[in-house]
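An overview of the molecular structure
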Amino acid sequence: MSDLVVTLLGKYNYWLCVILMMIGLYAMIAKNNLIKKLVGMNIFQTSIILFYVSIGCKKGATISILEHGAGHHGVDPTHYINPLPHVLMLTAIVVSVSTFGVALALAIKVYRKHKTLEEDEILMQLRSE
Amino acid sequence: METIQSIKPLIAVLVSICVVPLLVLCKKPNLREGWTFAAAAVKLLLVLSMLPVILNGNQIVYTLVEGVPGVAIKFRVDALGMLFACVAASLWIITSAYSIGYMRGLKEHSQTRYYVFFALALSATIGVAFSANLLTLYLFYEMLSLATYPLVTHHQDREARAAGRKYLTYILGTSIGLVLPAMLVCYHLTGTLEFASQGFLAGACNRGLAGVLLVFFIFGFAKAAVMPFHGWLPAAMVAPTPVSALLHAVAVVTVGVFSIVRILTGVFGTELLGQFDFGVIICAIASVTIIVASLIALSQDNLKRMLAFSTIGQLSYIILGVGLLSPKGITGGMLHIAMHAFGKITLFFCAGAIFMATGKRNISEMVGIGRRMPWTMGAFFVGSLSIIGLPPTGGFISKWYLVLGTLEANQMTFLLVLLGSSLLSAAYFMPVVYRAFFPPPGKAMFENKVGEAPILCVAPPVITAFISVVLFFYPEPFFRLVSMAVRFIGGN
Amino acid sequence: MTNHYPALIVVLPLLFAFVVSGVAWVKKSLCFPLTIVGMGLSAGLSVCLLGRVATTGLVEYRMGGWETPWGIGYHVDYLNALVVTVVTVLAFINLIATRKNVVEETPEKAGAFYSLYLLFIVGLTGIVLTGDLFNLYVLLEVASLTSYALIGMGNGRAPMSALNYLFVGTVGGCFYLLGVGYLYIMTGSLNMVDVATLLPQMYHSSAVVMAFIFCLVGVGIKMAFFPLHMWLPNAYGFAPTAVGSLIAPLMTKVMVYVLIRLILTVFSVDFAFVILKMGDPMVWLSSLAIVAGAVFALAQKNLKRMFCYIIVSEIGYMMGGAWLGNNTGMTGAILHIFNDAIMTLCLFLCAGSIYYRVRGLELDRLKGLFSKMPVTMACLVAGALSIIGVPPTCGFFSKWYLISGGLEAGQYGFVAALLFSSLVNVVLFFRVIEISYYGDFEDHHGHGSSGEAVMEAPASMLVPLLIVSIGLIVVGLYTGGIVNHLINPLLLKQGFLG
């Protein structure tokens, strides 16, 4: 039992990501409103961004800016968090934002045509076409 | 035996493809048909120019490109291919003349399309004849299937559509469903598809697999109309008569049979077939087709349908001959490719000429027609003699060798099949001829004003009938080619 | 200059995309020529690059001069060079052929359309050329985002289809990103070659296995691999003509390329086939995809939607070939990327010119088209023969390799599926041919058409179409050359299983 607790708590960052991902996926599948689906999609993407951010972290480490300039003392990498995943996520955030933008634009186009954003009503209109 | 590298086979194949743009762009019918003739003549000359080389015991080879490792698109002119190419190329000229008479006489629509696809079909036929390997053969076989579709469905009416569907279902369905996998299995087993004098499958597969492959190939080449894959042939008779004549007496069906002969001799090899005892199976399949087709032909009233069933039966003679696996049988089978072609095309030409002159398609309506169209029906008589296998026509020679072959192979059953089917074909041809010339008193159906069809439709059957007779007295060129082919595959 | 080829192929369209969107404010008529120049340069450079790779075997390029694995490296071997050439050349041909469609369907958005067109090519060429896993993700999303936007430009059901595609596609992209994250955790590197050298000690770690599976699912969604194909028919079917014929031939094929790249370069053949043993199930799934795609296609009444389901089926061909686990199958898969792109382009261009004249692609509106548009229909027949697999078109040869590979691997189910789909394709296409060969042509006035009589498509459409259809046969005849000079050396270098 305690093993299980340790496993769960020891990697709580992963579990949080998984939970967030599932919430996002649930919203994308189960929600009827297109905007809610979009929000779900954003949560889904964010969970992965958080996952990347968390893997770069180290206990007791600080941001990776050298205080006294490099070269004076040897730099101990354990004192600094790994900056690469964080940098990557800047790009991923841009991707996610632009996806969201395109999606909203398309949603507006859909709304103009169907006068609604509820998926079942749109499908009904499409079927009756 | 020498192997000569030459581009001639490729040109012979391509010449009728190259003429297609000219046919399309020509606005004047005379010029268009002139081009058709020119292409046919060039093609025949090219084929004939290779004849002496082949008769001297050499082969001509040309490799175009290597599509798959070990299997190139490659041409090889050997005796058997030469025989077929000679027949197809010479009959194309005659058929072109007949086409002009027929298509103009009946004022058919879309004549340009007709000549274009006719030329393409001829290219494909020569391509099959000169194929050096199974892949090339398959390529031209498929090309022929597709090129003949617009010809078969020329009338573009409901009946043509139904016939076209049936045609493609049978032909493409079997070639993709049976031949393609069988070919790939052969390639997988041996890494080659090149026809060899004693086949290339020997030692590569066991009896069971070989049997399956054999069945796939024989039925897969549905153009040979081996039962039960014969249904497309009577249906395809909706096509204009010149199409039926050349394609369904010579090009298409003979391509099917030729492919099977190539497979039996060049892929399996007679030795392997003998070793596995497959000869009897092949002969049995062919015999069933021969007998059943002849019986069905007896009951047909539509002349072209009767000819179609007669063709189905006659084609299987060729397969039977090769299936006997004896030198004389194979000789008979291969000779029959040529003899049957000249005989059957005469009959189709006559059927078309009768239709042109009188508008009649049914045998029961042709009583007494011989008096009005003596030349046509005379040719018809000679053609039917050739198909039955009576002297003085070429059909006698091939049938003679087939009979000798059954004796040599000691297969009395198949001797009976041959004789029985000859009787049956006499039974369905002779009444037509008899009633045409000697109608019962007062039953003659034609008045004096009915005469012969235009000269362009009468001359061709007379010429082919004449050739049939000549082939009886002088079968030398074809005979030499066939005996060379037989020697090549090791049958003495 | 010549050393910068790989980068220029990607950067030039990007540059031109900005120029085009800027120029659009000033003078709309300049957009098209500028796009042509950008695309043409990119295509020309790709051909040059292919020539160089064919002689040297490998072209390396470091973005900004940063050494790999720290910087982004382009690692161009036979496979990338081949695919990037296909992408740029076909996009160039499509650009010319569909000009009139664009003018007609999205008249006032020319600037936006052409800059998106170029950006899409930036995405695809980048995906193909890059040697960095994360860079691939970013470019994947660039390509996807532009394709959402391009599809959304259509009328009717297009925006809704694009939105659905966006939902599914984003999930696919995220799965791929997650897989890359796992790989990064395990190896600390994102460079493909670097990862490949670090991975072998960890092949049995479950994290690496999960990384592979996440990547596979992500890429599978993006390529519409059955049963993840649901978004494809709507998205491609309702897209504007020029977009359909751009995205349909290229996007799915590039995704298959990504998968093959992952198998060959990143995870290695040993891992995918020997350790994971995923060959069998994936081949079965592919066979299912082939059969399902063919059967769905039979049920379609619209020409373009029929083509869409054929794509689903063709994806099965390539996936199956890649997973057969032998040289022949992989050769078939790579060859089919190349061939299928050309065939699909041919079919979609035909659909485009038919739509331009007839204003509809329902099958019963095609009556009598053979006599009205003989050249277009002849090209359609050529494309159809290639899809069916009739020699000497290129479709026959890739099918040949795929079936031989199936026989070698003893995957008879896959062989049967391939033959089945060939037969179904015969039915599919001869149904279309039959309808357009027989029957009187019915003029449909009042569907927004200008009432002009139906005639052959304009030359600007026909010439590219003819080039593509002749290409089908030429490529088919030169299959031997492509296999011997490009694919065999590649597979040899990757140490592919015999």
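Residues numbered from 1 in each chain as written. Chains lettered and ligands numbered in written order. Predicted model: local features only at pLDDT ≥ 70, side-chain atom pairs only at ≥ 80, totals over all residues.

**Overview of the interface of chain B and chain C**
Facing the 21 residues of chain B at the interface are 21 residues of chain C. Of all the secondary structure elements, the ones that give two or more residues to the side of chain B that touches chain C are β2 (59–68), α6 (134–152) and α7 (158–190) of chain B. The element contributing the most residues to the side of chain B that touches chain C is α7(B), with 12 residues. Residues of the side of chain B that touches chain C, tallied by class, amount to 13 nonpolar, five polar and three charged. (Contact = placed C-beta atoms within 7 Å. Helix = DSSP H or I, 4+ residues; strand = E, 2+ residues; numbered from the N terminus. Nonpolar A, V, L, I, M, F, W, Y, C, P; charged D, E, K, R; others polar.)

**Observations regarding the packing of helix α3 (residues 34–55) of chain A against helix α7 (residues 158–187) of chain C**
Running from N to C, α3(A) and α7(C) point in directions that differ by 10°, and their axes come no closer than 10 Å. The angle between α3(A) and α7(C) places the two elements in the roughly parallel class. From α3(A), Leu34(A), Lys37(A), Met41(A), Phe44(A), Gln45(A), Ile48(A), Phe51(A), Tyr52(A) and Ile55(A) reach across to α7(C), where they touch Leu163(C), Phe167(C), Thr170(C), Val171(C), Cys174(C), Leu177(C), Leu178(C), Gly181(C) and Ile185(C). Residue classes in the contact of α3(A) with α7(C) are distributed as 14 nonpolar, three polar and one charged. (Axes fitted to C-alpha atoms, helices over the stretch in contact; angles between N-to-C directions. Parallel < 35°, antiparallel > 145°, perpendicular 65-115°, else oblique.)

**Concerning the nonpolar core**
Judged by nonpolar contacts, the single largest core of 441 residues is most densely connected at Leu83(B), Ala88(B), Ala121(B), Val254(C) and Cys346(C). At 22 residues, the largest contribution of residues to this core is made by helix α11 (residues 241–275) of chain C. (Core = buried A, V, L, I, M, F, W, Y, C linked by C-beta atoms within 7 Å. Buried ≥ 20, exposed ≤ 12 C-beta atoms within 10 Å, placed from the backbone.)

**Considerations on the sheet that holds strand β3 (residues 71–77) of chain B**
Across a sheet, strands are paired by hydrogen bonds formed along the backbone, either parallel or antiparallel in direction. Residues and elements named next belong to chain B. Within the open sheet, the three strands sit side by side as β1-β2-β3. Their pairing is mixed. Edge positions in the sheet fall to β1 (3–5) and β3, since each of these pairs with one other strand and no more. Each strand of the sheet is rotated relative to its neighbour by a mean of 40°, with strand direction disregarded. Sheet topology places β2 next to β3; seven bridges connect them, and they run antiparallel. When the bridges of β3 are listed, valine 68 appears paired with valine 71. (Pairing = 2+ DSSP bridges.)

**Here's the deal with the confidence of the model for chain C**
Residue and element names in this part refer to chain C. Overall, the prediction assigns chain C a mean pLDDT of 86, with 96% of residues at 70 or greater. Mean pLDDT in chain C bottoms out at helix α15 (residues 369–372), which sits at 80, and peaks at helix α6 (residues 133–152), which reaches 92. Here residues 441–451 is modelled with pLDDT under 50, and outside its nearest four sequence neighbours on either side it reaches 13 contacts, counting other chains as well. The complex model carries a pTM of 0.89, and its ipTM stands at 0.89. (pLDDT = per-residue confidence, 0-100.)

**Here we look at the arrangement of the chains**
Sorting the two pairs of chains in contact by contact count puts chains A and C at the top. When C-alpha atoms are compared, chain A and chain B, though not in contact, are closest at a spacing of 34 Å.

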